[in-house]
Amino acid sequence: MTNDAIVIGSGIGGLVTATQLAAKGAKVLVLERYLIPGGSAGYFERQGYRFDVGASMIFGLGQNGTTNLLTRALSAVNVSQEAIADPVQIHYHLPQGLDLKVDRVYEKFLQNLTAHFRHEEQGIRRFYDECQKVFNCLNSMDLLSLEEPRYLLRVFFQHPLACLGLVKYLPQNVGNMARRYIKDPQLLKFIDMECYCWSVVPANMTPMINAGMVFSDRHYGGVNYPKGGVGQIAQKLVEGLEKAGGKIQYQARVTKILTEQGRAVGVQLANGEIYRGKRIVSNATRWDTFQQLLPAEEIPHNEKKWQQNYQKSPSFLSLHMGVKQSVLPEGTECHHILLEEWEKMTAVEGTIFVSIPTLLDRDLAPSGYHIIHAFTPHWINDWQELSQTEYEARKEEAAWRIIDRLEKIFPGLDAGLDYLEVGTPRTHRRFLGREDGTYGPIPRRKLRGLLKMPFNRTAIPGLYCVGDSTFPGQGLNAVAFSGFACAHRIAADLKL
Ligand SMILES: Cc1cc2nc3c(=O)[nH]c(=O)nc-3n(C[C@H](O)[C@H](O)[C@H](O)COP(=O)(O)OP(=O)(O)OC[C@H]3O[C@@H](n4cnc5c(N)ncnc54)[C@H](O)[C@@H]3O)c2cc1C
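The numbers attached to residues start from 1 for each chain and follow its sequence in the written order. Residue-level local features of this predicted model are given only where pLDDT is at least 70; pairs of side-chain atoms are given and counted only at 80 or more, and the full residue set underlies all totals for whole chains, interfaces and linings. Note: side-chain values were computed over all heavy atoms of the structure, leaving out hydrogens and water.

**Q** With reference to specific residues and values, describe the packing of aromatic side chains.
**A** Note on aromatic contacts: the rings of Phe and Tyr and the six-membered ring of Trp form a pair at centre separations within 6.5 Å, being stacked when their planes are under 30 degrees apart, edge-to-face when over 60 apart, and tilted otherwise. Summed over the entire model, instances satisfying the criterion amount to 23 aromatic pairs. Ring centres of Trp-383 and Tyr-391 lie 5.9 Å apart, and the angle between their planes is 90 degrees; this geometry places the pair in the edge-to-face category. By relative accessible area, which is 1% here, Trp-383 ends up buried. Type-normalised accessible area, obtained with a 1.4 Å probe on protein chains alone, sets the label of each residue: buried when under 20%, exposed when over 50%, and partly exposed for intermediate values. Residue classification places Tyr-391 among the buried residues on the basis of a relative accessible area of 7%. Among the aromatic residues, ring-to-ring pairing joins Phe-109, Phe-127, Tyr-128, Trp-198 and Phe-215 into one connected group.

**Q** Talk me through unusual backbone geometry; I want residue IDs and the actual numbers.
**A** Cis peptide bonds are those with omega within 30 degrees of zero, and the linkage from Phe-471 to Pro-472 qualifies with 0 degrees. A helix here means a DSSP run of H or I that spans at least four residues, while a strand means a run of E at least two residues long, and both kinds are numbered starting from the N terminus. Note that Pro-472 resides in the loop between β20 (463–465) and α15 (476–493). At Glu-349, a position not held by glycine, the phi torsion is positive, near 55 degrees. Among the secondary structure elements, Glu-349 is positioned in the loop between β15 (335–338) and β16 (352–355). On the basis of relative accessible area, Glu-349 is assigned to the buried category, the value being 13%. Even without glycine at this site, Asp-436 takes up a positive phi of about 60 degrees. Inspection of the secondary structure puts Asp-436 in the loop between α14 (425–432) and β19 (441–443). The exposure class of Asp-436 is partly exposed, given its relative accessible area of 27%.

**Q** So what's going on with the site of the ligand? Residues and values would help.
**A** Looking at the ligand, there are 34 residues lining it, with Gly-13, Glu-32, Ser-40, Arg-434 and Leu-476 nearest. The term polar contact refers here to a pair of N or O atoms within 3.5 Å; inside protein, the definition further demands a hydrogen-donor-capable atom paired with an acceptor-capable atom, and it admits residues adjacent in sequence only when both atoms are side-chain atoms. Between the ligand and Arg-33 there is a distance of 3.1 Å, counted from a nitrogen atom to a backbone nitrogen or oxygen. Where accessible areas are quoted, they stem from the Shrake-Rupley method and a 1.4 Å probe; at the residue level, only the protein chains shown are allowed to cover. In isolation the ligand has 1000 Å² of accessible area, and contact with the protein removes 94% of it. Those elements that place two or more of their residues in the shell around the ligand are α1 (12–23) and α15. Polarity classes work like this: nonpolar for Ala, Val, Leu, Ile, Met, Phe, Trp, Tyr, Cys and Pro, charged for Asp, Glu, Lys and Arg, and polar for all others, with Gly in that last group. A per-class count over the shell around the ligand returns 15 nonpolar, 14 polar and five charged. Whether a residue is near a molecule or strand depends on its heavy atoms: if one lies within 4 Å, it is near.

**Q** Give a detailed account of the packing of helix α4 (residues 121–138) against helix α8 (residues 185–199), specifying residues and quantitative values.
**A** Where α4 meets α8, the axes come as close as 12 Å, and the angle between the chain directions of the two elements is 25 degrees. Taken together, α4 and α8 sit at an angle that is classed as roughly parallel. The way α4 lies across α8 gives a crossing that is right-handed. Packed against α4, whose contacting residues are Ile-124, Phe-127 and Tyr-128, the element α8 presents Leu-187, Phe-190, Ile-191 and Glu-194 at the interface. The axes used here are C-alpha line fits, helices contributing only the stretch in contact, and every angle between their N-to-C directions lies in the interval 0 to 180 degrees. Small angles under 35 degrees read as roughly parallel and large ones over 145 as roughly antiparallel, with 65 to 115 read as roughly perpendicular and the rest as oblique. Each crossing gets its hand from how the near helix is turned against the far one by less than a right angle, where anticlockwise is left-handed and clockwise is right-handed. When checking whether two residues touch, look at their non-hydrogen atoms; a contact exists if any pair is within 4.5 Å.

**Q** Just give me the short version of empty space enclosed by the protein, but keep the residues and values in it.
**A** In this approach a probe as big as a water molecule rolls over the atoms, and the regions it shows empty are the leftover space. Here a cavity denotes a set of grid points, spaced 1 Å apart and computed over the protein atoms alone, in which a 1.4 Å probe fits but from which it cannot get out, and a pocket denotes an open set meeting protein on both sides within 12 Å along at least five of seven lines; residues with an atom within 4 Å of a point are reported as lining. Grid points are joined across faces, edges and corners, and a volume is the space filled by probe spheres set on the points. According to the stated counting rule, one finds two cavities of 30 Å³ or more in the structure shown. The space that makes up the largest cavity amounts to roughly 200 Å³. As for the largest cavity, its lining consists of 18 residues, of which Pro-207, Asn-210, Pro-441, Pro-472 and Gln-474 are closest to the centre. Listed by contribution, the elements that provide at least two residues to the lining of the largest cavity are α8 and β19. Take the lining of the largest cavity: its biggest share by element is three residues, from β19.

**Q** Got a sec to walk through the layout of surface pockets? Specific residues and values, please.
**A** For the second largest pocket, the calculated volume is near 350 Å³. Along the wall of the second largest pocket there are 18 residues; nearest its centre are Phe-44, Val-53, His-320, Thr-427 and Phe-431. Sorting the residues of the lining of the second largest pocket by element identifies β3 (43–46), β14 (315–324), β18 (417–423) and α14 as the ones contributing at least two each. Among the elements that make up the lining of the second largest pocket, the one with the highest residue count is α14 (four residues).

**Q** Go over the nonpolar core, please, and point to the residues and values.
**A** Taken as a class, soluble globular proteins show a tendency for nonpolar side chains to be buried jointly. The definition of a nonpolar core used throughout is a set of buried Ala, Val, Leu, Ile, Met, Phe, Trp, Tyr and Cys residues joined through side-chain atoms within 4.5 Å. If you look at the biggest cluster of nonpolar residues, it comprises 121 residues, and the most contacted ones within it are Ile-12, Phe-127, Tyr-128, Phe-190 and Met-193. Counting residues per element, this core draws most heavily on α15, at ten residues. Leu-338, Ile-352, Val-354 and Ile-402 belong to the second largest nonpolar core, which has 24 residues in total.

**Q** Tell me about the environment of Leu-413, residues and numbers included.
**A** Checked against the element boundaries, Leu-413 lands in the loop between α13 (388–406) and β18. On a C-alpha basis, the gap between Leu-413 and Arg-279 in space is 50 Å, while along the polypeptide they are 134 residues apart. Once you skip the residues sitting within four places of it in the chain, Leu-413 turns out to touch Met-321, Val-323, Val-327, Ile-372, Ile-403, Leu-406 and Glu-407.

**Q** Requested: an account of the pairing of strand β17 (residues 369–378), with residues and values cited.
**A** In terms of burial, β17 is a largely internal element, nine of the ten residues being buried. Sheet analysis places β14 next to β17, joined by ten bridges and oriented antiparallel. The residue of β17 that forms the bridge with His-320 is His-373. We call two strands paired when DSSP finds no fewer than two bridges between them.

**Q** Tell me what's going on with the environment of Tyr-34, and back it up with residues and numbers.
**A** Note on placement: Tyr-34 falls in the loop between β2 (28–31) and β3. Assessed through its relative accessible area of 28%, Tyr-34 is described here as partly exposed. When the C-alpha atoms of Tyr-34 and Arg-126 are compared, they prove to be 46 Å apart, with 92 residues separating the residues in sequence. When near neighbours in sequence (up to four residues on either side) are disregarded, Tyr-34 contacts Tyr-250, Gln-251 and Phe-431.

**Q** How would you explain the pattern of salt bridges if you had to name every residue and give the values?
**A** A carboxyl oxygen of Asp or Glu within 4 Å of a side-chain nitrogen of Lys or Arg is what we treat as a salt bridge. One pass over the full model with this rule turns up 20 salt bridges. One salt bridge in this structure joins Asp-363 and Lys-227, with 2.9 Å as the shortest N-O distance. In this pair, Asp-363 is assigned in the loop between β16 and β17 and Lys-227 in the loop between β8 (224–226) and α10 (231–243), connecting sequence segments 136 residues apart. Salt bridges sharing common partners tie together Lys-227, Asp-361 and Asp-363.

**Q** Can you tell me about a positive patch on the surface, naming the residues and giving the values?
**A** Residues Lys-305, Arg-444, Arg-445, Arg-448 and Lys-452 make up a contiguous surface patch of positive charge. Here Arg-445 shows up in the loop between β19 and β20. Within the patch definition used here, like charges are joined within 9 Å and nonpolar side chains (Val, Leu, Ile, Met, Phe, Trp, Tyr) within 5 Å, considering only residues with over 30% relative accessible area and no salt bridge. The charged-residue count follows a simple rule in which Lys and Arg add positive charge and Asp and Glu add negative charge, with His and chain termini not counted at all. A charged residue contributes its charge at one atom only: NZ of Lys, CZ of Arg, CG of Asp or CD of Glu.

Below, the structure written as structure tokens:
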């Protein structure tokens, strides 16, 4: 029997699509090239440590409202995930002594920030309150496909003010909004960093819709770490998928999306096997989908236009470290951002992102030890065409540059190092199946908010995209949104 939907890839975007469709009774097959599900939200184990490969600051695992999409996706297929509340989203260590914590409690965060910028007290509150307005609009409605007119009408009649609010914010970027309320140049740089640390572009290129979510949900649903590691989310979704009658195959690399008379009808695997489906969903990046899985020379016009507006962000150099407990000073928080010079914020090895998940879940490391995952942007071009010896040497040099800088916040890190594994953009490309190991699309120039980010349907009938190459972009909760929307659109198309 033909599958109702074939999903290429088991990232969170792909799995949310698959579970939502299976829950609606569709016959779903997920094909994953790797050994386990999760993609950038996967994990690996070494010497008693369980490392998250990428994401670790998790939104969407809260209990209330409508924006807790990971919780909702799990419960739709009758599974759940224990979540550990993180009391501080980020501890920033920024230039000019700007050292501050983003507390889970909104008022505390505002107080912490205002303590550094007394003269901007009013502007700070107004700016972040504006972000709360975006969030309140989103958090009052079911988040489904914006390509489904009946849903749009229903939501509009149920929540007219919230909808009009969102329409107002859709074309806006954070930079303009911040400058409306804030004048202090250092504070504006801080807002740049607040955006950059998840959107990987400064405020003037970060859409207000995404910022409204992140800057508000951290104080509402909060940042919560999944007990057992981030990989658990994907594992649980797979469990739910199978319970609902869906199937997943690992080591099943799709090499071709098959078309007949211009319509996507199936896929071919690297081993030659062919599967047919009424609908095909790609959870690979748009670059992989339209240049690798489909003939590059036939790339649809709207995809060419998209590539004129968006480019691949850099990948990362990742250090997965196991360290002695003594390395972490008393009161250390789980997530840190380190930058010494504002000018280097977006540069290679400029900003360092740090995550120490064992502060929330001790079971991820052997007793007396912690995990430190540190990563910083890097381009694949700097890692190509090297001999194995050159590659290893370059990895080692880069790793020690990062460790030296981290000594400032974790004195004794070098001496307390028990395990070190270094991932490069090549590692990201190989294990995550993402062209050039990219973190995802970023605007080439200042665009009007999110208006140019595509939804799930593509120019090829029967083919949909899901994940961070679609509206609203990167992040687990964002790709979960994309998954809900994609499944909703397909269910409407299949009349499920
Ligand atoms: C270092 C790092 C840190 C991050 N930190 C955070 C964070 O703290 N919080 C947060 O919310 N987000 C974070 N992110 C971003 C987040 O992880 C991603 O945006 C999100 O996981 C992307 O999900 P996705 O569904 O789009 O696809 P992916 O995770 O890329 O999954 C796609 C899947 O498709 C499979 N696939 C690809 N091609 C094929 C093929 N041809 N055949 C079969 N299978 C295929 C891949 O193997 C993969 O499993 C981070 C990312 C990285 C890399």
